[in-house]
Amino acid sequence: MFGMVRPCRHRLGEKLTAQWMAHLCGLCLALRGDHGQLARIVTNYDGLLISVLTEAQAARGDAGRRTAGPCPLRGMRTASVAHGEGARLAAAVSLVLASAKVRDHVADGDGLLARRPVALAARRVAASWDRAGARTGSDVGFDTAVLLDAVDRQTGVETLAGPGTAILTVTEPTETATAAAFAHTAVLAGRPHNAGPLAEAGRLFGRLAHLLDAVEDRDADAASGAWNPLTATGTPLEEARRLADDAVHGIRLALREVEFRDGGLAHRLLVHELPNSVHRAFGTVSCAHGTGPYAPPGTPGGPGAPLPPEPPRRDRRGALAGCAVWLGLACTCQLCCGTYEDPWSGERKEGTCANCDCSGCGDCCQCCQCCNCGGEDGCCDGCDCGCDCGC
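All chains use their own residue numbering, which begins from 1 and follows the written sequence. The predicted nature of this model means local features are confined to residues of pLDDT at least 70 and side-chain atom pairs, given and counted, to a pLDDT of 80 or more, with totals for whole chains, interfaces and linings taken over all residues. Each side-chain value is worked out from all heavy atoms of the structure, with water and hydrogens disregarded.

Chemist: So what's going on with the environment of Ala 122? Which residues, and what values?
Modeler: Under the scheme used here, helices are H or I runs from DSSP no shorter than 4 residues and strands are E runs no shorter than 2 residues, and both carry numbers assigned from the N terminus. Position of Ala 122 among the secondary structure elements: in helix α4 (residues 116–139). Partly exposed residues are those whose accessible area sits between 20% and 50% of the maximum for their type, while under 20% is buried and over 50% is exposed, using a 1.4 Å probe and protein chains only. On the basis of relative accessible area, Ala 122 is assigned to the buried category, the value being 11%. C-alpha of Ala 122 to C-alpha of Ser 99: the two residues are 23 residues apart in sequence and 9.1 Å apart in space. Every residue pair with non-hydrogen atoms within 4.5 Å of one another is taken to be in contact. Residue contacts for Ala 122: discarding those within four places in its chain leaves Val 102, Val 106 and Leu 113.

Chemist: Could you give me a rundown of the nonpolar core, with the residues and numbers involved?
Modeler: The set of buried Ala, Val, Leu, Ile, Met, Phe, Trp, Tyr and Cys residues whose side-chain atoms join them within 4.5 Å is what this entry labels a nonpolar core. Judged by nonpolar contacts, the single largest core of 79 residues is most densely connected at Phe 205, Leu 208, Leu 255, Leu 270 and Leu 274. If we ignore the near neighbours within four places in the chain, the residues touching Leu 208 are Met 4, Ala 244, Ala 247, Val 248, Leu 274 and Val 278.

Chemist: How would you sum up the side chain of Glu 158? Please name residues and give values.
Modeler: Within the secondary structure, Glu 158 sits in helix α5 (residues 145–160). Charge counting follows a simple rule: Lys and Arg are positive, Asp and Glu are negative, and His as well as the terminal groups are ignored. Salt bridge, as used here: a side-chain nitrogen of Lys or Arg that lies within 4 Å of a carboxyl oxygen of Asp or Glu. With no salt bridge to any partner, buried Glu 158 finds its closest opposite charge in Lys 101, at an N-O distance of 11 Å.

Chemist: Could you give an account of the pattern of salt bridges, with specific residues and numbers?
Modeler: Within the structure shown, the criterion is met by 15 salt bridges. Note that Glu 239 and Arg 242 form a salt bridge whose closest N and O atoms lie 2.7 Å from each other. Remark: Arg 242 and Glu 239 occur in helix α9 (residues 237–255); sequence separation between them is three residues, near one turn of the helix. The class for Glu 239 is partly exposed, based on a relative accessible area of 27%. For Arg 242, a relative accessible area of 41% translates into the label partly exposed.

Chemist: Tell me about the packing of helix α3 (residues 85–108) against α5, and please be specific about residues and values.
Modeler: Helix axes are fitted to C-alpha atoms over the stretch in contact, other axes to C-alpha atoms as well, and angles between N-to-C directions run from 0 to 180 degrees. For the pair α3 and α5, interaxial distance at closest approach is 10 Å and the crossing angle is 10°. With respect to their mutual orientation, α3 and α5 come out roughly parallel. Crossing geometry of α3 relative to α5 is assigned as right-handed. Residues Val 93, Val 96, Ala 100 and Arg 103 of α3 pack against Leu 147, Leu 148 and Val 151 of α5. Per-class residue counts for the contact of α3 with α5 are six nonpolar, no polar and one charged. Angle categories: roughly parallel below 35 degrees, roughly antiparallel above 145, roughly perpendicular from 65 to 115, and oblique for all the rest. Helix crossings are classified by the rotation of the near helix relative to the far one: an anticlockwise turn of less than a right angle makes the crossing left-handed, while a clockwise turn makes it right-handed. Side-chain classes are defined by residue name, with Ala, Val, Leu, Ile, Met, Phe, Trp, Tyr, Cys and Pro counting as nonpolar, Asp, Glu, Lys and Arg as charged, and the others, Gly among them, as polar.

Distances and angles like these do not, on their own, reveal function.
Written out as structure tokens, the structure reads:
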């Protein structure tokens with residue numbers, strides 16, 4: 001799983017978490033359905049935003065859902081998942097995005113990719129993902145040539161970049177690609193008038209993704225000698241932060257112009273979660289989950305208070321079945337990085353990476369800065385930050 005939009009389920013709330021997982025599973029299954037089991041490894045958090053935006057604009061959200069069979073990631077239980085053109089467009093974009101990342105790692109000679117036979121095999125995989133993405137994109141009316149062109153141009157732009165080159169020159173190919181993908185969700189949803197503002201939101205999202213990736217990799221790239229856009233252009237972190245904050249603000253303004261049927265999850269991810277991504281990349285805030293910043297410490301739901309335990313389940317699995325589920329959870333990293341149900345008892349548990357400190361953030365909602373709160377789009381669904389949203 002890669003991507004900068006990695007929401008904490010405690011901030012999303014139960015309703016939006018269920019929607020988020022529906023799109024995550026839908027993307028994974030769309031990749032498997034069109035391109036086989038191996039393609040599922042390119043499932044990523046940012047790619048599923050395409051599926052989220054498509055459903056948020058669609059006249060009927062339930063028309064794009066189906067019931068999926070048991071999966072280890074869900075504790076071997078069925079679930080309602082996103083299905084249809086939005087998920088398939090997300091799959092096409094994810095394949096090309098993954099192809100670009102593979103080529104980038106090959107160019108940098110990262111790890112085993114520094115060995116020529118491994119690099120050659122990686123290039124072949126990347127090329128096959130390009131072709132697969134093009135086929136699926138064509139099926140939903142999206143020409144992935146704009147994405148492939150951006151990938152090809154990126155290499156040339158980076159080769160020519162040096163001290164004094166504007167950092168936005170380096171981010172332009174990414175911006176162009178994400179703008180096209182965001183805009184096509186309006187076409188799929190039958191709301192072509194949304195294409196303009198969504199293209200603007202996508203352009204800024206691509207800029208932000210490129211900047212945050214550069215910030216997070218800056219020290220590692222310096223240690224390994226790999227190319228980094230900030231280092232190569234001499235862009236200071238202060239300027240990168242200014243551009244990142246401007247991009248977040250621009251996305252918020254662009255989304256105000258988009259007509260959604262149910263924009264709750266899209267709004268939560270692109271308005272509330274993106275600032276958290278910026279803070280995480282620049283190391284300025286920790287995760288804030290589950291609690292309102294105005295609750296006194298030590299009170300139920302307040303900072304430092306434990307989450308209430310859920311009642312134990314009685315439908316226990318047998319030893320062999322539980323071991324099989326445990327193996328599936330381990331292989332999908334769910335034991336470390338997510339929320340899962342105990343393979344034997346069925347009790348809900350948190351992965352080891354989910355024990356984040358919630359006491360340091362007082363702006364998890366920011367609802368009075370970003371939207372017409374309380375409107376039909378339910379912009380504060382799943383947000384329990386204490387502000388009255390009456391602005």
